[in-house]
Amino acid sequence: MTQDAEPPGPAARPARRGGAGGRAAARAAAHAAAGTRAARQAAQAGAPADDALTETGCDAPAASPASGGASLIACGALAHEILALIRVNGWTHLHLRCLPAKLHLRPELIPDEVARAVAEERAAARDPFVVYADCGTGGRLQARCDALGVEMIPGPHCYSFFDGNAAFAARGDAEMTAFYLTDFLVRQFDAFVWRPMGLDRRPELRDMLFGNYERLVHLAQVEDPELERLGREAAARLGLLHERRLTGYGDLSDFLARAAQPASD
Amino acid sequence: MADEDDDIVLSELDDGELVQQMHDDLYDGLKDEIEEGVNILLERGWTPYRLLTEALVAGMKVVGDDFRDGILFVPEVLLAANAMKSGMNILRPLLAETGAPKMGTMVIGTVKGDIHDIGKNLVSMMMEGAGFDVVDLGINNAAEAYIEALEREDAQILGMSALLTTTMPYMKVVIDQLKANGTRDNYVVLVGGAPLNEEFGRAIGADAYCRDAAVAVETAKTLVAARKHNQAHAN
């Protein structure tokens, strides 16, 4: 995945000669297994499994539902972090609804999916807040949220609001050649980067696809040696230098705190 | 089985079969086979222009159509375009020598602050395959770089690409600079990139938003032809 995703998909016809060999297939299987282990660990910690967040999203009803309470309509890639903030801050009245994280691979679909979720949350007498950044929609998600009268977290990407939008913007061109991953994307590297870019089938395309990048910056939300290892491994697979930057939850905390406040009217 | 196909000997195929095989090999991104096919047809006396149009451009049209229709995806198209490029590398000097017809000149590049060039490279290769001269400025281009190249190359088309929501507004900076210079209407301005859409293209004053490389080629042909038609009637 580039920082905004290119459309993925399978080849319609096999190559006449060449193609990925058994070794590449075995490596892909090994990496998939590593992802499954991480997902199992997350599930054991009480969070939805990453594979489910990628494919189907999740619904995490408020532990202490309140009439007219807030509902967070979020990307599945943010579920772990949002649930952690809810837990730590005691925002048990917040309802969380995550759309499938794989929508990132087709950003043009995000505005309609979010609009549908907003309508459904309102029908359930909940007050929706959208926890998606622009995410490659080219301003269309913001325009849709404005039209619906629903608040959306500011920023071009989750990379940006985890880093802090002001800090991210200030880095500007100095980080033009950085390829960002969050904790979720480190865990789901194969699902969001390796396979969608066709590198499982055509590993020889790696430098054509990533040759303009210089380093992979892992914007880490939590301290976790296993995630750090996966980040280093992802950087090595892409042929990039590795940098880990602990961001915590950045601007996400303030946005959720606002959503958690009682409605003024 | 793939092994059976490995027995194909390109030099033993007649011209029609070889051209069909080259279409298949382009589709499969087989660079070495395309180079071999080009050399065989040249040895058989094909003109570079005929070879370009019938073997390479026609083959890439299938690739472009299947990309547009969601049958092929970026990795496969990149490989096909690479194979096409290797054939073009053989033909380019010969086309210049033989005075093959030219469609026009395009200056293309990714905008300032953006290093993403997959889509831009595909457009570049497909445009060249369609008979346009392409001056590819690469990535991270300031307005001055585009404008200097447009003037230097006496180009008719400007292509700008961006993949980031944060960099796509720079396209308007370039167009506004062209307007300020009084040269905006000298060029067909095409824009593309994942977060863009037609509305954005209109809003910044581009002539067209192109959602993929195949659309870019068709749009360029249409708009350049319309411009020539209008100029002919104005004179």
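These numbers were taken from a predicted model, which means no experiment stands behind them.

Draft legend 1. Summary view of the UniProt feature "domain: B12-binding N-terminal" (unreviewed entry) in chain B. Here the UniProt-annotated "domain: B12-binding N-terminal" (unreviewed entry) positions come out as residues 9–103 of chain B. Secondary structure content for residues 9–103 of chain B is 76% helix and 0% strand, while the C-alpha to C-alpha distance between its ends is 35 Å.

Draft legend 2. Representation of the confidence of the model for chain B within the structure. Mean pLDDT over chain B: 91, with 97% of residues reaching 70 or higher. Under the prediction, the complex receives an ipTM of 0.79, its pTM being 0.80.

Draft legend 3. Spotlight on the pattern of salt bridges. Residue and element names in this part refer to chain B. The tally for this structure, following the rule as stated, stands at 38 salt bridges over all chains. The closest approach of N and O atoms between E35 and K31, which form a salt bridge, is 3.8 Å. Of this pair, E35 and K31 both sit in helix 3 (residues 31–43), separated by four residues, roughly a single helical turn. Residue E35 is classed as partly exposed on the basis of its relative accessible area, which comes to 25%. R50 is paired through a salt bridge with E54; the nearest N and O atoms lie 3.1 Å apart. Of the two residues, R50 and E54 both sit in helix 4 (residues 48–68), four residues apart, roughly one turn of that helix. Judged by its relative accessible area of 36%, R50 falls in the partly exposed class.

Draft legend 4. A look at the domain arrangement of chain B. Residues and elements named next belong to chain B. With domains assigned, chain B is organised as domain 1 (9–101) and domain 2 (102–235). For domain 1 and domain 2, the distance between their C-alpha centroids amounts to 25 Å. Taken together, the contact between domain 1 and domain 2 spans 17 residues of the former and 14 residues of the latter. Between domain 1 and domain 2 the total buried area reaches about 1,300 Å² when both faces are included, carbon and sulfur atoms providing 72% of it. Joining domain 1 to domain 2, the criterion identifies one salt bridge. A salt bridge links E128 to R92; its shortest N-O distance comes to 2.6 Å. Where domain 1 touches domain 2, the interface holds one residue pair in polar contact (both at pLDDT 80 or more). Counting residues per element, the ones that place at least two in the side of domain 1 that touches domain 2 are helix 4 and helix 5 (74–98). Per-element tally for the side of domain 1 that touches domain 2: the top contributor is helix 5, with nine residues. A per-class count over the side of domain 1 that touches domain 2 returns twelve nonpolar, two polar and three charged.

Draft legend 5. Structural detail: the pairing of strand 3 (residues 95–99) of chain A. Residue and element names in this part refer to chain A. Burial analysis of strand 3 places five of its five residues in the buried class, which makes it a mostly covered element. The two faces of strand 3 match: H95, R97 and L99 on one face and L96 and C98 on the other face are all buried. Relative to strand 3, strand 1 (residues 58–60) runs antiparallel, the two being bridged by three bridges. Note that in strand 3 the partner of C58 across the bridge is C98. As paired elements, strand 2 (residues 70–75) and strand 3 share five bridges and run parallel to each other. If you follow I73 over to strand 3, its bridge partner there is R97.

Draft legend 6. A look at the packing of helix 5 of chain B against helix 6 (residues 118–129) of chain B. Residues and elements named next belong to chain B. At a closest axis distance of 10 Å, the pairing of helix 5 and helix 6 adopts a crossing angle of 40°. Judged by the inter-axis angle, helix 5 sits oblique to helix 6. Judged by the sense of rotation from one axis to the other, the crossing of helix 5 with helix 6 is left-handed. Here V74, V77, L78, A81, N82, M84, K85, M88 and R92 of helix 5 lie close against helix 6, whose contacting residues are I118, L122, M125, E128 and G129.

Draft legend 7. Spatial organisation of the pairing of strand 5 (residues 178–182) of chain A. The buried fraction of strand 5 of chain A is high, at five of five residues. Every second residue of strand 5 of chain A is oriented toward a common face, with A178, Y180 and T182 of chain A on one face and F179 and L181 of chain A on the other, all of them buried.

Draft legend 8. Fine view of the UniProt feature "domain: B12-binding" (unreviewed entry) in chain B. According to UniProt, the positions carrying the feature "domain: B12-binding" (unreviewed entry) are residues 103–234 of chain B. The span residues 103–234 of chain B shows a helical share of 48% and a strand share of 18%, and its end C-alpha atoms are spaced 20 Å apart.

Draft legend 9. How the structure looks around the packing of helix 4 (residues 110–123) of chain A against helix 5 (residues 140–148) of chain A. Residue and element names in this part refer to chain A. Where helix 4 contacts helix 5, the two axes come as close as 9 Å, and the packing angle between them is 25°. Considered as vectors, helix 4 and helix 5 are oriented roughly parallel to each other. The two elements helix 4 and helix 5 cross, and the hand of that crossing is right-handed. Judged by residue contacts, I110, P111, D112, V114, A115, V118 and R122 of helix 4 engage R140, L141, R144 and L148 from helix 5.

Draft legend 10. Looking closely at the packing of aromatic side chains. Residue and element names in this part refer to chain A. Inspection of the entire model under this criterion finds nine aromatic pairs over all chains. For the ring pair F210 and Y213, a centre distance of 5.9 Å and an interplane angle of 35° mean the geometry is tilted. With respect to burial, F210 and Y213 carry one shared label: buried. These aromatic residues form a ring-pair network of at least three members: Y159, F168 and Y180. In this arrangement the basic side chain of R237 is found over the ring face of W194, its NZ or CZ atom lying 4.5 Å from the centre.

Draft legend 11. How the structure looks around the sheet that holds strand 3 of chain A. Residues and elements named next belong to chain A. Taken together, the four strands give an open sheet; going across it, the order is 1-3-2-4, and neighbouring strands pair in mixed fashion. Sheet topology places strand 1 and strand 4 (127–131) at the edges, where each strand pairs with a single neighbour. Mean inter-strand twist for the sheet, computed between neighbouring axes without regard to direction, equals 15°. In this structure, strand 2 lies alongside strand 4, joined through five bridges in parallel fashion. By the bridge assignment for strand 4, L72 is matched with F129. Across the sheet, helix 12 (residues 251–260) is in contact with strand 2 and strand 4; its angle to strand 4 comes to roughly 175°.

Draft legend 12. Region of the structure containing the environment of M176 of chain A. Counting through the fold element by element, M176 of chain A comes out in the loop between helix 7 (165–171) and strand 5. The class for M176 of chain A is buried, based on a relative accessible area of 17%. Remark: the alpha-carbon pair of M176 of chain A and Y213 of chain A, spanning 37 residues in sequence, is separated by 8.0 Å. When residues no more than four places from it in sequence are discounted, the contact partners of M176 of chain A are G113, D114, I115 and N140 of chain B.

Criteria and thresholds
Residues numbered from 1 in each chain as written. Chains lettered and ligands numbered in written order. Predicted model: local features only at pLDDT ≥ 70, side-chain atom pairs only at ≥ 80, totals over all residues. Heavy atoms only, no water. UniProt positions renumbered as here; feature names shortened; annotations may be inferred. Helix = DSSP H or I, 4+ residues; strand = E, 2+ residues; numbered from the N terminus. pLDDT = per-residue confidence, 0-100. Salt bridge = Lys/Arg side-chain N within 4 Å of Asp/Glu carboxyl O. Buried < 20%, exposed > 50% of the residue type's maximum accessible area, 1.4 Å probe, protein only. Domains from an automatic or database assignment. Contact = heavy atoms within 4.5 Å. Buried area = accessible area lost by both parts, 1.4 Å probe. Polar contact = N/O pair within 3.5 Å; in protein donor to acceptor, adjacent residues only side chain to side chain. Nonpolar A, V, L, I, M, F, W, Y, C, P; charged D, E, K, R; others polar. Pairing = 2+ DSSP bridges. Axes fitted to C-alpha atoms, helices over the stretch in contact; angles between N-to-C directions. Parallel < 35°, antiparallel > 145°, perpendicular 65-115°, else oblique. Left-handed = near helix turned anticlockwise from the far one by under 90°. Phe/Tyr/Trp six-rings, centres within 6.5 Å; stacked < 30°, edge-to-face > 60°. Lys NZ or Arg CZ within 6 Å of the ring centre and 35° of its normal.

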